[in-house]
Amino acid sequence: MAESYNWRVAYKLESYISKSDTIEKCFSKRSVEEIIASLEQELSVDPKEWIVSAIKAMKTASPTNLKIFLKSIRQGRNQTYKECIQREYIMFSHAMRRTVTNDGVAAKLIDKTGSPKWDPSTLAQVTNEMVNKCFQEIEDEDWPCLNLPSKKKFISTTLLPARL
């Protein structure tokens, strides 16, 4: 009887499962620079198109945002959903206030020149101080902090019908 429920899952060779060892090996590095170096090393041993694409995407992305995203992913592992949403809001707020980043965004998304001019332009120029600032609340009365309601208050005021 148990044999009838014993079956193998078929997956495509291009799926995450076939790449998981390389992904875990490369993306577990401590810094963006180390991740890219690890991908390049892996490419020299086992040339795969997805590795080429990953390296190209990372090398054309905003150096500042790469470091911010890596820190965010790592922080998110140990945060509650509410903390993650608040952290994302703070990061988004800082991104919207950085005009220099918007020049690179315009080059990639609007003008589609494919030649964004990021400032800072290299990973080495992005300091820990710059990254850490993007995780601090903005001290500006015109840019309020995100205050999420408690689950109980949200349900009682939003989802339940008003009492007559």
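Look a little higher up for the structure.
The shown structure was predicted, so the numbers you read here are calculated from the model rather than taken from an experiment. (Residues numbered from 1 in each chain as written. Predicted model: local features only at pLDDT ≥ 70, side-chain atom pairs only at ≥ 80, totals over all residues. Heavy atoms only, no water.)

1. Let's talk about the overall build of the protein
- What the protein contains, in helices and strands, is eight helices and zero strands.
- In sequence order, the secondary structure elements of the protein are arranged as α-α-α-α-α-α-α-α.
- Taking all 164 residues of the protein together, 28% fall into the buried category.
- A sequence separation of at least 24 residues applies to 57% of the contacts in the protein between residues at least 6 apart.
- Carbon and sulfur atoms provide 57% of the accessible area of the protein, an area that totals close to 12600 Å². (Helix = DSSP H or I, 4+ residues; strand = E, 2+ residues; numbered from the N terminus. Buried < 20%, exposed > 50% of the residue type's maximum accessible area, 1.4 Å probe, protein only. Contact = heavy atoms within 4.5 Å. Areas by Shrake-Rupley, 256 points an atom, 1.4 Å probe, with all protein chains shown as cover.)

2. Let's talk about the packing of aromatic side chains
- Per the stated rule, a full pass over the model turns up zero aromatic pairs.
- Its guanidinium or amino end placed over the ring of phenylalanine 135, lysine 71 lies 4.9 Å from that ring's centre, counting from NZ or CZ. (Phe/Tyr/Trp six-rings, centres within 6.5 Å; stacked < 30°, edge-to-face > 60°. Lys NZ or Arg CZ within 6 Å of the ring centre and 35° of its normal.)

3. Some points on helix H1 (residues 16–27)
- Look at H1: only 13 Å from first C-alpha to last across twelve residues, short of the 16 Å you get at 1.5 Å a residue.
- Among the residues making up H1, those that are buried are Lys19, Ser20, Thr22 and Cys26.
- Looking at the buried positions of H1, the neighbouring elements they touch are helix H2 (32–45) and helix H3 (49–60). (Expected span 1.5 Å × (residues − 1).)

4. Topic: the environment of serine 72
- Position of serine 72 among the secondary structure elements: in helix H4 (residues 63–76).
- Given the relative accessible area of 5%, serine 72 is considered buried.
- In the structure, serine 72 is positioned twelve residues away from cysteine 84 in sequence and 8.6 Å away in space, judged by C-alpha atoms.
- Apart from the residues lying within four places of it in its own chain, the contact partners of serine 72 are Arg87, Glu88, Met91 and Phe135.

5. Overview of the packing of H1 against H2
- The N-to-C vectors of H1 and H2 enclose an angle of 140°; their axes lie 8 Å apart at closest approach. Relative to H2, H1 is oriented oblique. Residues Thr22, Lys25, Cys26 and Phe27 of H1 pack against Ile35, Ser38, Leu39 and Glu42 of H2. (Axes fitted to C-alpha atoms, helices over the stretch in contact; angles between N-to-C directions. Parallel < 35°, antiparallel > 145°, perpendicular 65-115°, else oblique.)

These figures capture arrangement, not role.
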